[in-house]
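Per-entry structural report
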Amino acid sequence: MPQIEIEDISLVYDTPAGRVQGVAGANFSIEASEFVCLVGPSGCGKSTLLNIIAGFLAPSGGEIRIGGKPISGHGMDRGVVFQDFAQLFPWRTALGNVAFGLEMKGVAKAEREEIALEQLRLVKLEKFAHAYPHHLSGGMQQRVAIARALAYNPAVLLMDEPFAALDALTRDDMQKLLADVWRETRKTVVYVTHNVAEAVYLADRVIVMTPHPGTVKTQVPITLDRPRDPLSVAFLEHQKQLLRDLGQQHIAHETEPHDQVDHSINGRSKR
Ligand SMILES: Nc1ncnc2c1ncn2[C@@H]1O[C@H](COP(=O)(O)OP(=O)(O)O)[C@@H](O)[C@H]1O
Ligand SMILES: [Mg+2]
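Quantities reported herein were computed from a predicted structural model and do not represent experimental measurements. All residue numbers refer to positions counted from 1 along the written sequence of the respective chain. Going through the entries in the order they are written, you letter the chains from A and number the ligands from 1. With pLDDT at 70 or above as the cut-off, local features in this predicted model cover only qualifying residues; side-chain atom pairs require 80 or more to be listed or tallied, and sums for whole chains, interfaces and linings still use all residues. To obtain the side-chain values, all non-hydrogen atoms of the structure were included, while hydrogens and water were left out.

All right, on to the overall build of the protein chain then. Looking only at helices and strands, one finds seven helices and 10 strands in the protein chain. Taken over C-alpha atoms, the radius of gyration comes to 18 Å for the protein chain, in line with the 18 Å a tight globule of 271 residues would show. Projected onto the principal axes, the alpha-carbon positions of the protein chain cover approximately 55 × 45 × 40 Å. Within the protein chain, the proportion of its 271 residues that are buried is 52%. Any two residues whose heavy atoms approach within 4.5 Å at even a single point are treated as in contact. The contacts in the protein chain between residues at least 6 apart in sequence include a share of 70% that link residues at least 24 apart. Here the protein chain holds 28 positive side-chain charges and 32 negative ones, and the gap between their average locations is 4 Å. Numbering goes from the N terminus for both helices and strands, where a helix is a DSSP run of H or I of at least four residues and a strand is a run of E of at least two. Throughout, radius of gyration means the C-alpha value; the globule benchmark is 2.2 Å times the number of residues raised to the power 0.38. The buried label goes to any residue with under 20% of its type's maximum accessible area, the exposed label to any with over 50%, and the partly exposed label to all in between, with areas taken from a 1.4 Å probe on protein chains only. For the purpose of charge, His is not counted, nor are the chain termini; Lys and Arg are scored as positive and Asp and Glu as negative. Where a charge lies is defined by one atom per residue type, namely NZ (Lys), CZ (Arg), CG (Asp) and CD (Glu).

Quick look at the structure:
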């Protein structure tokens with residue numbers, strides 16, 4: 001049985017201006033320890049779908065099961081990381097942020113600080129345990145957010161363009177770090193991105209969505225050995241294939257700007 005089953009998920013936003021389809025009937029499943037990227041043009045419903053999986057939004061139709069059980073709302077079996085640096089608590093240190101979920105779980109102070117430090121070590125930030133978020137760079141804040149999401153040991157890690165607001169070089173470093181973290185923790189990851197190179201670097205499988213109103217267009221396995229070399233021929237071939245999968249949509253939807261999908265592999269030679 002797959003760990004996450006997404007069955008006919010749809011969502012309609014009711015707004016003062018009318019009804020907006022957020023997701024239009026998505027179906028797929030994810031195995032335990034699999035790294036899955038959700039890719040699609042801006043506005044297709046990636047964030048909506050991730051928020052439904054997180055349990056922050058209730059679908060208008062369909063069902064999501066985790067470990068065979070239908071979800072109802074958010075639970076501690078899922079850790080979430082967003083794009084926004086402001087997701088950390090500004091009044092708590094890095095350690096305090098990472099320990100937060102454990103505090104909610106009622107873990108004793110000494111134990112939760114030990115676990116939090118271990119998570120900070122995993123994202124290479126143990127030296128900054130007592131720093132406040134405003135003293136940390138964007139990349140460091142996102143690493144704290146990852147450590148916080150992992151601290152209470154959720155089975156599933158959900159990430160919505162966590163590195164999209166970072167500069168290209170930092171983003172490359174963060175992708176590498178996340179690949180290491182995943183190799184060590186073997187969490188099931190659902191990772192939203194509109195960057196095709198990022199998806200090929202990180203994913204076991206890429207789920208390509210159609211333009212709005214989004215549903216699953218195709219699923220592409222990425223079979224490259226890790227660590228992956230973004231400059232290798234095989235890597236570029238996978239990237240081209242994904243761009244073709246996405247590009248066909250753009251040809252069919254001439255009104256959509258072509259640069260909604262990030263083609264860049266800038267800074268990759270650094271790795
Ligand atoms: N809170 C909201 N209220 C109304 N419409 C929304 C809301 N959030 C997203 N939408 C709409 O739902 C669609 C999917 O949005 P979103 O999930 O944010 O896409 P993506 O993350 O792929 O860019 C878009 O048409 C967007 O305008
Ligand atoms: Mg989004």
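From this point, things continue past the structure.
Domain segmentation is taken from an automatic or database assignment of domains. Domain assignment breaks the protein chain into domain 1 (4–77 + 155–270) and domain 2 (88–153). The C-alpha centroid of domain 2 is placed 25 Å from the C-alpha centroid of domain 1. Counting residues at the interface gives 14 residues for domain 1, matched by 15 residues for domain 2. Two parts placed together each lose some accessible area; with a 1.4 Å probe, that loss summed over both constitutes the buried area. Between domain 1 and domain 2 the total buried area reaches about 1200 Å² when both faces are included, carbon and sulfur atoms providing 77% of it. Of all the secondary structure elements, the ones that give two or more residues to the side of domain 1 that touches domain 2 are β7 (156–160) and α5 (168–185). The biggest single contributor to the side of domain 1 that touches domain 2 is α5, with six residues.

To continue, consider the site of ligand 1. In the vicinity of ligand 1 there are 14 residues, among which G43, G45, K46, S47 and T48 approach most closely. Residue G43 places a main-chain N or O atom 2.7 Å away from an oxygen atom belonging to ligand 1. Any N or O atom pair separated by 3.5 Å or less is treated as a polar contact, with the protein-specific requirement of one donor-capable and one acceptor-capable atom, and with residues adjacent in sequence counted only for side-chain atom pairs. Here an oxygen atom of ligand 1 sits 2.9 Å away from a polar atom, N or O, in the side chain of S47. With the chains in place, 63% of the 550 Å² that ligand 1 exposes on its own is no longer accessible. Counting only elements with at least two residues in the shell around ligand 1, the list comes to β1 (4–15), β2 (18–30) and α1 (46–54). Residue polarity follows a fixed list, in which Ala, Val, Leu, Ile, Met, Phe, Trp, Tyr, Cys and Pro are nonpolar, Asp, Glu, Lys and Arg are charged, and the others, Gly among them, are polar. Among the residues forming the shell around ligand 1, the class breakdown is four nonpolar, nine polar and one charged. Any residue with at least one heavy atom within 4 Å of a molecule or strand is counted as near it. Every accessible area reported is derived by Shrake-Rupley at a probe size of 1.4 Å, with residue values counting cover from the shown protein chains alone.

One way to put it is that helix α4 (residues 138–151) packs onto α5 with a least axis distance of 11 Å and a crossing angle of 20°. In terms of their interaxial angle, α4 and α5 are classed as roughly parallel. Between α4 and α5 the crossing geometry is right-handed. Touching G139, Q142, R143 and L150 of α4 are T170, M174, L177 and V181, all from α5. When the residues that make up the contact of α4 with α5 are grouped by side-chain class, the tally is four nonpolar, three polar and one charged. To define axes, lines are fitted to C-alpha atoms, for helices over the stretch in contact only, and angles between the resulting N-to-C directions are given on a 0 to 180 degree scale. Each angle gets one of four labels, with under 35 degrees taken as roughly parallel, over 145 as roughly antiparallel, 65 to 115 as roughly perpendicular, and the rest as oblique. Each helix crossing is assigned a hand: it is left-handed if the near helix lies turned anticlockwise from the far helix by less than a right angle, otherwise right-handed if that turn is clockwise.

Looking at the element boundaries, T48 is found in helix α1. The class of T48 is buried, set by a relative accessible area of 8%. Once residues lying within four places of it in the same chain are set aside, the contact partners of T48 are L11, Y13, G22, V23 and L57.

The next subject is the nonpolar core. For our purposes a nonpolar core is just a set of buried Ala, Val, Leu, Ile, Met, Phe, Trp, Tyr and Cys residues, chained together by side-chain atoms within 4.5 Å. Core analysis: the largest hydrophobic core is formed by 54 residues, its most contacted members being C37, L120, Y191 and V206. Residue contributions to this core peak at eight residues, all from α4. Looking at which domains feed residues into this core, each of domain 1 (4–77 + 155–270) and domain 2 (88–153) gives three or more. When neighbours within four sequence positions are excluded, V206 is seen to be in contact with C37, V39, A199, T218, Q219, V220, I222 and L242. Judged by nonpolar contacts, the second largest core, of 25 residues, contains I30, A54, V80 and V156.

A pair of strands is considered paired only if DSSP assigns at least 2 bridges between the two. Strand order in the open sheet formed by six strands is β6-β7-β8-β3-β9-β10, with mixed pairing between adjacent strands. Looking along the sheet, the strands with just one partner apiece sit at the ends: β6 (78–81) and β10 (216–221). Averaged over all pairs of adjacent strands, the angle between strand axes in this sheet comes to 15°, irrespective of strand direction. Of the strand pairs in this sheet, strand β3 (residues 35–39) and strand β8 (residues 188–193) are connected by five bridges, and their pairing is parallel. Within the sheet, the bridge partner assigned to V36 lies in β8 and is V190. Across the sheet, α4 touches β6 and β7, and the angle it forms with β6 is around 170°.

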